[in-house]
Amino acid sequence: MSAPEDRPAVPAESPAAEDVARKRTEEPENRWSVAFREIVGGSWGVSVGAVILAIIAGSIMIVATDEGVRAASGYFFGRPGDLLAAAGGAISDAYSALFRGAVWDYRADSFAESIRPLMVSLNYATPLIGSGLGLAVGFRAGLFNIGGQGQMIFAAIGAGWIGFALQLPWPLHMLLAMVVGILAGALWAGIAGLLKALTGAHEVITTIMLNHTAYYLLFFLLATPGLLQAPGSANPKTPAMLESAQMPKLLGSGYHLHLGFLFALAAVVFTWWLMERSKLGLTFRAVGENPHAARVAGIDVSRTTVWVMVVSGALVGLAGVTQVLGTSVTGFSTDVDAGMGFDAITVALLGRSSPLGVLAAAILFGGFRAGGATMQAAEGIPIEIVTVIQSLIVLFIAAPPLVRAILRLPKPGQTPRRKAAQPAKEVAA
Amino acid sequence: MSAQTAVRSDDASVSSTLRHVTVTSKKYPVVFTFMSVVLGLILLAAPREGETKFRFSAESDFFVIPSISVPAMRVAWVCLAILVLATITSWVLYARERRTPLVLGIVFAFAFLAGFLSWGGAGSVSDFPVVRLISASVLLAVPILFGALGGAIGERAGVVNIAIEGQLLASAFVAAVVGSITKNPWAGLVAALVAGALVALVLGAFTITYRVNQVIVGVVLNVLVLGLTSFMYTQVLMKNADQLNRTVRFPSLPIPLISEVPIIGPALFRQSIIVYLMYLAVPLVWFALYRTRWGLRLRAVGEHPLAADTVGIKVERTRYRALLIAGAVVGFGGAYYTLVSVSAFNRNMTAGAGFIALAAVIFGKWDPVRAALAALLFGFASALEGAMSVVGSPVPSQFMLMLPYVVTLFAVAGLVGRSRAPAASGIPYVKE
Amino acid sequence: MKLELRGITKRFGALVANDHIDLVVQPGEIHCLLGENGAGKSTLMNVLYGLYDADEGEVLLDDEVVHFAGPGDAMAAGIGMVHQHFMLVPVFTVAENVMLGHEPTRGGGRLDLEAARAKVVEISERFGFHVDPDAIVEDLPVGVQQRVEIIKALSREAQVLIFDEPTAVLTPQETDELMGIMRQLKADGAAIVFITHKLREVREVADRITVVRRGAVVGEAKPGSSDAELASLMVGRSVELTVAKDAPRYSDAKLEVKDLEIVDPDGLVLVDDVSFTVRGGEVLVVAGVQGNGQTELADALLGLVTPSAGSITLDGTELVGRSVRDFLGQGIGFVPEDRGVDGLVGTFTVAENLILDRIYGPPFVKAGSLQLRARDEFARAAVEEFDIRTQGIDQPAGRLSGGNQQKVVLARELSRELRLFVACQPTRGVDVGSIEFIHKRIVATRDAGVPVIVVATELDEALALGDRILVMYRGRIVGIVPATTPRDVLGLMMAGIAPEGSEAA
Amino acid sequence: MKTKLRLAAVGAAAVLTLAACATPPEATPTTPAASETETSTETETTEPPAAAVEGFRPCIVSDAGGFDDKSFNQLSFEGLERAANELGVEFGQVQSNSDADFKNNLESLVATDCTLITSVGFALSAATVESALANTELNYVLVDDAADNDFDGNVDAPNIKPLLYDTAQAAFLAGYLAAGFSEAGKVGTFGGMPFPTVTIFMDGFKQGVEHYNEVNGAEVQVIGFEGGDQGSFTGGFEANQDARNVADGIIDQGVDVILPVGGPIYQSALDSIADSGRDIALIGVDADFFVTDPSTADVVLTSILKQMDVSVYDAVIAASSGEFDPTPYVGTLENGGVGIAPLHNFESKVDAALVAEVEQLKADIISGAVTVTSYLNQ
């Protein structure tokens, strides 16, 4: 993030000289100057701008719902200051509650207490990381997997059943439950992949249909005694996971954060390796970018499609598994997926389908989920505002020119960049 | 010389001089076999007693067709026999390198349905109202169908519209509010169209002008609309339900004469204006897309925007217009929720219909008529689920609720297969 | 109508695509714009046509300055263009394509299809085109598609016609016909701009010749100039116009194709009973007008399509029914016809593309993991050896020029141990320098004893490279003839007329 | 480019305008919905609330249904809101979107110094127990669940007051009434989803009809419920065409009394009745529809009351003065926690003898002469 010291000081006297200079210092010049530009004028500025804009929009809604503001607006012309003060107060209360709930509780007595919200956010982020990665793998391979919900449900069924029905020592029990859950998620996604490979059925349709199917299947299992339903209960809910199958809390029982988060981080690394460094990932990307060329290169596109869905489903399955064995260890019901399957679409897209991007986006969204509860509990702010802010952030981040136009940010790359010349060559060719 | 390379009907074109052989697919026989086995297993595993009643007329019918009762299992076995025969025929045809005719598929579908319904309704006090089954199929399909039409228009113009769900929800909401305030469903309908178009405008601004990934914008718009409508519902509508959330619905208008035609009349022609508009919308959209200047340009922009640009068609403007119209079409579907179906808006009342509509667009291969049929198929499966649950079929309700989705899954995998989207769909047009 | 361009300058970032170009075209004149791929010809014409805004300079029609905001304005002013990449909507009918943008309508925006059909028939009869107005464009052979483009331009009463590389996809006969059409149009008083890099055609029809190189006019040439003169003006140095090669040294028959039949999903027989053999050290050119089954035949040689009958044996091993990967494993190198679609993943780096079909084991993949060092070393070596002009091996391949993209594909395929090399239209859309290079490499491969198959649509290439030439028409072999066969005989064969005494098909 | 910017600005403005519309109309301070709830409940509880202890802060957390579910979340919320308003104390609320939120939502409430936390729905049971064990100084109320996750018959934490409702008893009465009222000899019911809290209504209703048949030798049929999980369900709790379809299907079978169970889906049934053009009576659930939704006045025969607002209110009031009593509460006919609403407009249409029989039946159930089974007593 420091100033680009590595930038070559060679003045570009002639094109040839510039060429030479460029060649010699290619690597460092690229890395540092790109990072620098991105922070100052480029996507970082836009991201911050997007958050600001979304927060402004959220503020309008907060002000609209605030009782004090409503009261003050009744006599606006008498004392306009009151309204502004009330509005300002409502907004700052709301966002400070969001911050307290998501990052750092500055009102808490001890460090241990203050840090707790951050752990909650990371805990919420855990399943979003897994499912976001799963969907990102699909996107990179050109498959639009909307089936996160169904895959998470299947993973939960698999892991959950192992989690309470078998008696095994830890960690064997937990690992077995994880494996079964992940495989179940992979299997459910694999159906969509197989259907696409065999009959060409579009994955958007099949995954949507499989979502609903999985949901009702889970419901059936939960409502039928002897299957997933807790014995002795009439409610559609499973019994608690056995201690031996649970993911232990990472920082003691005072914090939400559990082992699943580390698995999610491992999944980030694994996905990065898979997509960037493995043969399988190369075939995934090749099929996603250009299936024709992939075929000519000897890649079996149909088989790859199945594999993509399987890997995607396995990662989404990990999300389901962490939910069941880490977060909802007291048993789960029909909405075990918690809407993560759909949130994951946004997370994957916001993270530009790169593993690190997904991680960042998932933590952002986890923070919103965690902070939203505090915002509600402390200030009575309707939870929908958080949803709105979230979606506006994504929209604005996705449209940098819009953010720049509204906030009058400078355009990036005002200085002519080499990249700008590239498409032109193509045009001229 | 030129006659050989050029194409003309009197001269042989390239394709006609190429030799032609018949290509057969295993799809039909395989699907047939599977379905026959399924019914066979059901009948063997859970035989039932009693009779099944089918009703063919509504109460107020002019011509009343008597209801019939059939011995359930016997009919079911006969139907199974027909299925097996059809399956064998299909395999024989395949072996002889001939295609399975569509008629056989229709016969198969009917026999399967009859068999399954006979089994399901055995011994019940309730009967299968065939008329209702048809009308319910249509009614359940209304929002999906309008959504699919809008989706098809958008994609034909090169914009993937994942935001159908959001458009439905937004227009249902606005229709409820405006319809309640004015106490006039027409005002609500107009407002719904505007709302649908407005969501489309946002979609367009981001995807066409700012070239943001169309899928991202669509997905996010759904979330945004859900958040906004839920917010307004709890914060505003709930507190003033009488003024803001109680619409006057469109009445049903029986069409003279045709509404008296047995079965079809009461099923299809005693509906509200929005349903009739839907009947009109399908051919109208088809006509507009394939037979008008607007449609030709729209499709050109969706298939090959550069080519369209080179003949002076403004690509972005054409896409915007298409999207706005598509949004308004979806708006009809949204209006149906709060101006015909139910007289009040409630949170997330579209409950995923927009995604089903999206599936229908793809299922229907981006063609308005086929997409409409796909929507109707889904409607039919849902209606069937309702009818089966009323007669008290022995299938657990969760499986009955699954039915429409499983049917769609099979239909997509078994019968449709590969489909080709408009070539430029999903790709922003970048002109340097 | 007289067309004049004055001082047109168009920049893309730092690159100057057109540098103060002046051009005058009189009515009743064919003005040839000669230049290599990438010389800026197309850019110039796109400026003229309103697709690009010029940074400097002006366009004059009949001595009046005009300004085009888009192609619509240009067309309204009487300028028509036949694009290099056809601007036709593939799923539309001919009539729909022709009327697009200026549709005749009956009330309420309804299309008047009858009027549109009549227009197509009228124009095609005027020029003897024989085009069915109701045919779907994508089903038509390219030659006919081009006529649709011409009809499109003429249907708007264009008085200035621009032909952008129109002969790239035509048979010699079709090219001759096109020349005829151009002359006919000229006689009707049209001003014609003819963009090409093919010298023969220039000399045949041009009334005036302007040569552009690197975005600037480098001079005018007389129609009577020799090929060598034109070529050196165009490229900027003297050019070798023929491929230097030694006499072939054949070994045994390596590849044997027997009774091959390929059927498309609708049951059309695209390759019909095709048999031939190729010996080691031999280049067999498969010639023919595009769309006569060569593409499918080549695809079958890589297992991309599965033949419905027949056999393909390489060194005695039957290959039919195997996967593409098996074909590659047998040592088949393959340069696809459309490198942008089938040859490269445009968003992948040069290095990734260079190993794309070599990821099934060492040295580039070990235990499922990519070996980046091995990959990059190989890539750097390949970039060096094949003279791929790129900013680095991390550059996305899609950003390279056509010739360099083709070199990437060639480098990937030729750096493997080969037992058969199949190259489909290897020099399509490639600059002269790269063409020479590619031809040399193909000949070198042959000389190494590998059987080579080149699919070519241009007779020049077929004659330059081939030891034998196999001509296909409507999926069948018209004949297999030696490379010494006269051009006109080959031309007739490409139209389906078998010469006396050719090898039996 | 300028026009593009303008277009985008319009788009953004559209978004913002939608958001700005959220401003509630300030000119209508007394909203009908609110005032209705007040009147409905005020008639039931008359004793003035005691002054709250220092720092008392009642809070509520919903399940995934949300506080606008027109069912238990909403009623519980209304009870708590009324208690808080009468006590003049602030209250906290958190709406859950899913299972994963429960724990954090409860913790957020704990962090905002809530002293009494009301959790709504069985799904929150385990999380509530966990929170209660961790915060023994706080009081908890759990609606619709026994807080007994190890099934030993005891509440798992000493500071939780479970509120349960044997709704089947009331539904039994409604079933008997409906069977007697029906001229067609067919009554119908359907639910949102086969949850026990939904099917308990349908189940009691069915038993009531069967009891009527048994006593009177009649053959009134119940359409739409077979027992267990088998029956007509809309697949969700949204009032939309799916719910309409199920309601239409049941009405089409010729029923003249219909019992929709599950939040807003009764609105679909209402419109279904309107469109059928027949005289069909509707039975409400949870609250007295005649009061809460006046638009139902002409069709609502009676309502099966599940007085969650009252019992939550009572629990909050008790806790406010430091008299929190963790004894499980089971709403029955006997203690008035469940019941059926007055007939209102139908008073004249229902045979007085039938009304008397229902009254007697109520006494019999209370006395144990007639038993009603439900998942609570199985």
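Residues numbered from 1 in each chain as written. Chains lettered and ligands numbered in written order. Predicted model: local features only at pLDDT ≥ 70, side-chain atom pairs only at ≥ 80, totals over all residues. Heavy atoms only, no water.

1. Some thoughts on the overall build of chain D
Part 1 of the argument: The secondary structure content of chain D amounts to 12 helices and 14 strands.
Part 2 of the argument: Residues classed as buried in chain D amount to 61% of the 378 residues present.
Part 3 of the argument: In chain D, the proportion of contacts linking residues at least 24 apart, taken out of those at least 6 apart, comes to 70%.
Part 4 of the argument: With the model as given, the accessible surface of chain D reaches about 13500 Å², and the carbon-plus-sulfur share is 51%. (Helix = DSSP H or I, 4+ residues; strand = E, 2+ residues; numbered from the N terminus. Buried < 20%, exposed > 50% of the residue type's maximum accessible area, 1.4 Å probe, protein only. Contact = heavy atoms within 4.5 Å. Areas by Shrake-Rupley, 256 points an atom, 1.4 Å probe, with all protein chains shown as cover.)

2. Quick word on the sheet that holds strand β11 (residues 208-213) of chain C
Residues and elements named next belong to chain C.
Part 1 of the argument: As summarised here, the arrangement of the six strands in space is β6-β9-β10-β3-β11-β12, forming an open sheet in which the pairing is mixed. Bordering the open sheet on either side are β6 (79-82) and β12 (216-221), each of which pairs with just one other strand. In this sheet, adjacent strand axes meet at a mean angle of 20 degrees when their direction is disregarded.
Part 2 of the argument: Sheet topology places strand β9 (residues 160-164) next to strand β10 (residues 191-196); five bridges connect them, and they run parallel. The residue of β10 that forms the bridge with F163 is F194.
Part 3 of the argument: Packing against the sheet, helix α6 (residues 172-187) makes contact with β3 (29-34), β9 and β10, and its axis sits at approximately 155 degrees to β10.
Part 4 of the argument: Set on the sheet, helix α8 (residues 227-235) makes contact with β3, β11 and β12; between it and β11 the angle comes to about 35 degrees. (Pairing = 2+ DSSP bridges. Axes fitted to C-alpha atoms, helices over the stretch in contact; angles between N-to-C directions.)

3. Looking at the interface of chain C and chain B
Part 1 of the argument: The interface is formed by 55 residues belonging to chain C together with 38 residues belonging to chain B.
Part 2 of the argument: If you sort the residues of chain C by the area they bury against chain B, M87(C), H130(C) and R474(C) come out on top, with a joint share of 15%.
Part 3 of the argument: Connecting chain C to chain B are two salt bridges.
Part 4 of the argument: For the pair chain C and chain B, the interface holds five residue pairs in polar contact (both at pLDDT 80 or more).
Part 5 of the argument: Within the residue set of the side of chain C that touches chain B, elements represented by two or more residues are α2 (71-76), α3 (94-99), β8 (110-111), α5 (142-154), α6, β13 (253-263) and β14 (269-279) of chain C. (Buried area = accessible area lost by both parts, 1.4 Å probe. Salt bridge = Lys/Arg side-chain N within 4 Å of Asp/Glu carboxyl O. Polar contact = N/O pair within 3.5 Å; in protein donor to acceptor, adjacent residues only side chain to side chain.)

4. Focus: the domain arrangement of chain D
All names here are of chain D.
Part 1 of the argument: Here the domain parsing of chain D yields domain 1 (2-165 + 308-331) and domain 2 (167-306 + 347-367).
Part 2 of the argument: The interface of domain 1 with domain 2 comprises 11 residues on the first partner and 14 residues on the second.
Part 3 of the argument: For the pair domain 1 and domain 2, the interface holds one salt bridge.
Part 4 of the argument: In this structure, K306 and D144 form a salt bridge, with 2.7 Å as the shortest nitrogen-oxygen distance.
Part 5 of the argument: Linking domain 1 to domain 2 there are four residue pairs in polar contact (both at pLDDT 80 or more).
Part 6 of the argument: At the level of secondary structure, the elements contributing two or more residues to the side of domain 1 that touches domain 2 comprise α2 (32-42) and α3 (72-87).
Part 7 of the argument: Looking at the side of domain 1 that touches domain 2 residue by residue, the class counts come to five nonpolar, two polar and four charged. (Domains from an automatic or database assignment. Nonpolar A, V, L, I, M, F, W, Y, C, P; charged D, E, K, R; others polar.)

5. What to know about the pattern of salt bridges
Part 1 of the argument: Scanning the entire structure with this criterion turns up 56 salt bridges over all chains.
Part 2 of the argument: Notably, a salt bridge pairs D252(D) with R55(B), separated by 3.3 Å at the nearest N-O pair. Pair noted here: D252(D) is in helix α8 (residues 241-252) and R55(B) is in strand β1 (residues 51-55), and the two residues belong to different chains.
Part 3 of the argument: Bridged by salt links that share partners, the residues R249(B), R244(D), D248(D), D271(D) and D275(D) form one connected network.

6. Brief notes about the packing of helix α12 (residues 273-291) of chain B against helix α17 (residues 368-390) of chain B
When two helices pack together, their arrangement is given by the angle between their axes and by how far apart the axes lie.
Residues and elements named next belong to chain B.
Part 1 of the argument: Interaxial distance between α12 and α17 falls to 9 Å at its minimum, and their mutual angle equals 155 degrees. Taken together, α12 and α17 sit at an angle that is classed as roughly antiparallel. Counted together, V282, V285, W286, L289 and Y290 of α12 and P368, V369 and A372 of α17 form the full contact between these two elements.
Part 2 of the argument: Class assignment for the residues of the contact of α12 with α17 results in eight nonpolar, no polar and no charged. (Parallel < 35°, antiparallel > 145°, perpendicular 65-115°, else oblique.)

7. Points about the interface of chain B and chain D
Interface extent is often summarised as the accessible area lost during association of the parts.
Part 1 of the argument: Taken together, the contacts link 59 residues of chain B with 57 residues of chain D.
Part 2 of the argument: In this assembly, chain B and chain D are joined by five salt bridges.
Part 3 of the argument: Between R347(B) and D68(D) there is a salt bridge, and its shortest N-O distance comes to 3.1 Å.
Part 4 of the argument: Counting across the interface, chain B meets chain D through 14 residue pairs in polar contact (both at pLDDT 80 or more).
Part 5 of the argument: At the level of secondary structure, the elements contributing two or more residues to the side of chain B that touches chain D comprise α6 (130-156), α8 (185-209), α9 (214-237), α15 (315-341), α17 and α18 (397-416) of chain B.
Part 6 of the argument: The biggest single contributor to the side of chain B that touches chain D is α9(B), with eight residues.
Part 7 of the argument: A breakdown of the residues in the side of chain B that touches chain D according to their chemical character gives 31 nonpolar, 17 polar and 11 charged.

8. As for the packing of aromatic side chains
Part 1 of the argument: Scanning the entire structure with this criterion turns up 35 aromatic pairs over all chains.
Part 2 of the argument: Aromatic side chains W91(B) and Y94(B) sit 6.1 Å apart centroid to centroid with 85 degrees between the ring planes, which places their arrangement in the edge-to-face category. Taken together, the residues span about one helical turn, with W91(B) and Y94(B) both in helix α4 (residues 72-95) at a distance of three residues.
Part 3 of the argument: Residue classification places Y94(B) among the partly exposed positions, given a relative accessible area of 26%.
Part 4 of the argument: Plain terms: the ring middles of F122(D) and F195(D) are 6.1 Å apart, the flat faces sit at 50 degrees to each other, and that makes the pair tilted. Here F122(D) is found in the loop between β3 (116-120) and α5 (125-134), whereas its partner F195(D) is found in the loop between β6 (186-191) and α7 (196-216), with 73 residues between them in sequence.
Part 5 of the argument: Classification of F195(D) by relative accessible area gives buried; the value is 14%. (Phe/Tyr/Trp six-rings, centres within 6.5 Å; stacked < 30°, edge-to-face > 60°.)

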